[in-house]
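Overview (structure and organization)
What follows is the residue order along each chain.
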Amino acid sequence: MTTVARTGSSPESDRALIEGILAGEVLAFERLMRQHNRRLFRVARSILRDDAEAEDAVQDGYIEAHRALRNFRGESRLSTWLTRIVVNQALAHRRARRSAADTDTDLDTLPDHGDDDIARTPETLAMRAELLRIIESSIDRLPEAHRTVFMLRAVEGLSVDETAAALGISEGNTKVRLLRARAQLRESLGQHLGTLLEDVFSFDGERCDRIVARVCERLGLTLSVPPNHPAQDEQPAGPRH
């Protein structure tokens with residue numbers, strides 16, 4: 001299974017990738033997708049609350065980015081630019097399928113999932129999976145504005161200014177939304193939240209491979225490395241995300 005590369009990159013490495021992509025190097029575009037897949041999937045998922053739709057939004061975002069890359073001027077980080085594109089795609093997907101039945105109800109108050117029971121949960125794989133399900137469900141119940149900030153700041157580790165730039169909001173607003181999201185989640189999840197965040201909305205190699213393969217197919221590009229074969233240019237990603 002292909003590893004998922006982490007998203008840490010420098011302006012120099014970003015520029016090298018961009019130059020390679022513009023020169024027609026498929027491997028460079030694959031590397032860009034693998035570096036940003038996890039973050040972009042998570043932010044799309046935070047808006048759409050559906051794995052399949054989030055994958056579609058990320059793919060559409062990459063298609064748009066590939067076509068617009070020649071106009072990228074480096075005024076923001078490449079990751080921020082890509083995040084803005086995917087956020088817009090996710091919002092477009094949500095508008096396309098929104099109906100009266102899909103309108104959110106009151107999401108300001110999270111339901112009680114029984115914190116006392118969670119605190120006594122044995123550390124087994126089965127219970128860990130159940131806790132992750134509860135965490136993901138609780139995050140899904142956050143108001144969208146809080147949910148997306150939470151995913152970028154608390155789960156993906158973006159800075160306040162990066163999150164604000166990616167979402168087109170002020171830094172002050174970013175801080176307020178994160179505080180409110182944490183308060184709402186803390187009410188139902190207690191101390192378990194911090195230790196399990198790394199596995200929230202798991203992004204495994206199979207999903208990464210699938211997104212890369214489908215985007216390349218839509219763009220008429222030939223994969224340099226077949227799916228499920230480790231790419232030589234990737235660095236080990238450590239624990240699964």
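The structure contained in this document is the topic of the report that follows. (Residues numbered from 1 in each chain as written. Predicted model: local features only at pLDDT ≥ 70, side-chain atom pairs only at ≥ 80, totals over all residues. Heavy atoms only, no water.)

**Focus on the overall build of the protein chain**
- Across its full length, the protein chain holds eleven helices and zero strands.
- Written out in order from the N terminus, the α and β elements of the protein chain read α-α-α-α-α-α-α-α-α-α-α.
- A total of 241 residues make up the protein chain; the buried ones form 48% of that total.
- Long-range contacts, defined as pairs at least 24 residues apart, comprise 78% of the intrachain contacts of the protein chain with a sequence gap of at least 6.
- For the protein chain, the computed accessible surface area is about 12,000 Å², with 48% contributed by carbon and sulfur atoms. (Helix = DSSP H or I, 4+ residues; strand = E, 2+ residues; numbered from the N terminus. Buried < 20%, exposed > 50% of the residue type's maximum accessible area, 1.4 Å probe, protein only. Contact = heavy atoms within 4.5 Å. Areas by Shrake-Rupley, 256 points an atom, 1.4 Å probe, with all protein chains shown as cover.)

**Things to note about the nonpolar core**
- In this structure, L32, M33, V58, Y62, L78, W81 and F150 are the most contacted members of the largest nonpolar core, which totals 50 residues.
- Among the elements that make up this core, the one with the highest residue count is helix α2 (residues 26-48) (ten residues).
- Discounting residues that sit within four places of it in the chain, V58 has contacts with N37, L40, F41, A44, V86 and I211. (Core = buried A, V, L, I, M, F, W, Y, C linked by side-chain atoms within 4.5 Å.)

**Comments concerning the pattern of salt bridges**
- Taken as a whole and assessed by the stated rule, the structure comprises 14 salt bridges.
- Note that E206 and R210 form a salt bridge whose closest N and O atoms lie 3.9 Å from each other. Placement of the pair is E206 and R210 together in helix α11 (residues 205-219), with a separation of four residues, close to one helical turn.
- It is possible to trace a salt-bridge network through shared partners that takes in R45, D51, E55, D140, E206, R207, R210 and R214. (Salt bridge = Lys/Arg side-chain N within 4 Å of Asp/Glu carboxyl O.)

**A closer look at the side chain of R94**
- Its place among the elements puts R94 in helix α4 (residues 78-97).
- Judged by its relative accessible area of 15%, R94 falls in the buried class.
- Residues in contact with R94, not counting those within four places in the same chain, are I47, L48 and E144.

**Notes on helix α8 (residues 160-167)**
- The buried count for α8 comes to six of eight residues, which makes it a mostly enclosed element.
- For α8, every residue scored as buried is listed here: V160, E162, T163, A164, A166 and L167.
- At the C-terminal side of α8, G168 shows a positive phi close to 70°.

**A closer look at the packing of α2 against helix α3 (residues 51-68)**
- Close contact between α2 and α3 brings their axes to 8 Å; oriented N to C, the two are set at 135°. As far as their axial angle goes, α3 and α2 are oblique. α3 is crossed by α2, and the crossing has right-handed handedness. Residues F29, L32, M33, H36, N37, L40, F41, A44, R45 and L48 of α2 touch α3, and the partners they reach there are D51, E53, A54, E55, A57, V58, Y62 and H66.
- Among the residues making up the contact of α2 with α3, the classes are represented as eleven nonpolar, three polar and four charged. (Axes fitted to C-alpha atoms, helices over the stretch in contact; angles between N-to-C directions. Parallel < 35°, antiparallel > 145°, perpendicular 65-115°, else oblique. Left-handed = near helix turned anticlockwise from the far one by under 90°. Nonpolar A, V, L, I, M, F, W, Y, C, P; charged D, E, K, R; others polar.)

**Topic: the packing of helix α1 (residues 11-22) against α2**
- For the pair α1 and α2, the least separation of the axes is 8 Å and the interaxial angle reads 135°. With respect to α2, the axis of α1 lies oblique. Mapping the contact onto sequence places L17, G20 and I21 in α1 and A28, F29, R31, L32 and Q35 in α2.
- Residues of the contact of α1 with α2, tallied by class, amount to five nonpolar, two polar and one charged.

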